[in-house]
Amino acid sequence: MAVKIRLARIGKKNAPIYRIVAIDSRSKRDGKTLEILGTYNPIRKEIIQFHSDRIKFWQDRGAVMSDAATKIERLHGVSKREVAS
């Protein structure tokens, strides 16, 4: 089974919220997920929840991140460093 880390949409019409999920690459965008790894609000550009340890776990087992998930991971790294400063 090929696993991807990508976004699944939740939220209302014109008010999207995305979950960062580990999912079988052949599944639909909002199909059955293996694990929820975080939540992202694109309107406010804020990461509500981000489980970097679980993302690392899935990557160690061969999961491939989508482009959007990679951008959010980079955003998390920047915001995490800003808070530490």
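Figured I'd write up the structure that's included with this text. (Residues numbered from 1 in each chain as written. Predicted model: local features only at pLDDT ≥ 70, side-chain atom pairs only at ≥ 80, totals over all residues. Heavy atoms only, no water.)

### A look at the pairing of strand β3 (residues 35-41)
A regular strand places its side chains so that they alternate between the two faces of the sheet.
1) Next: Judged by how many residues are buried, β3 sits mostly within the fold: six of seven residues are covered.
2) Next: Across five bridges, the pairing between strand β2 (residues 15-24) and β3 is antiparallel. Within β3, the position partnered with V21 by the bridge is I36.
3) Next: For β3 and strand β4 (residues 46-50), the ladder comprises four bridges, and the chain directions are antiparallel. (Buried < 20%, exposed > 50% of the residue type's maximum accessible area, 1.4 Å probe, protein only. Helix = DSSP H or I, 4+ residues; strand = E, 2+ residues; numbered from the N terminus. Pairing = 2+ DSSP bridges.)

### As for the sheet that holds strand β5 (residues 64-65)
1) Next: An order of β4-β3-β2-β1-β5 is seen for the five strands of this open sheet, with the pairing classed as mixed. Edge positions in the open sheet fall to β4 and β5, since each of these has one partner strand only.
2) Next: This element, helix α1 (residues 52-60), spans β1 (3-12), β2, β3, β4 and β5 of the sheet and lies at about 125° to β3. (Contact = heavy atoms within 4.5 Å. Axes fitted to C-alpha atoms, helices over the stretch in contact; angles between N-to-C directions.)

### Details of the packing of aromatic side chains
1) Next: Applying the stated rule across the entire model yields one aromatic pair.
2) Next: Measuring from centroid to centroid gives 5.6 Å for F57 and W58, while their planes differ by 85°, and the two rings are edge-to-face.
3) Next: Taking relative accessible area as the criterion, F57 reaches 25% and is therefore assigned partly exposed. (Phe/Tyr/Trp six-rings, centres within 6.5 Å; stacked < 30°, edge-to-face > 60°.)

### Focus on the environment of E35
1) Next: Residue position: E35 is located in strand β3.
2) Next: Between the C-alpha atom of E35 and that of R54, which follows or precedes it by 19 residues, the distance is 8.9 Å.
3) Next: Residues within four places of E35 in sequence aside, it is in contact with I20, V21, A22, R54 and W58.
4) Next: At 2.8 Å, the side chain of E35 and the side chain of R54 are in polar contact.
5) Next: One polar contact links E35 to W58, side chain to side chain, over a distance of 2.6 Å. (Polar contact = N/O pair within 3.5 Å; in protein donor to acceptor, adjacent residues only side chain to side chain.)

That is the geometry; function is a separate question.
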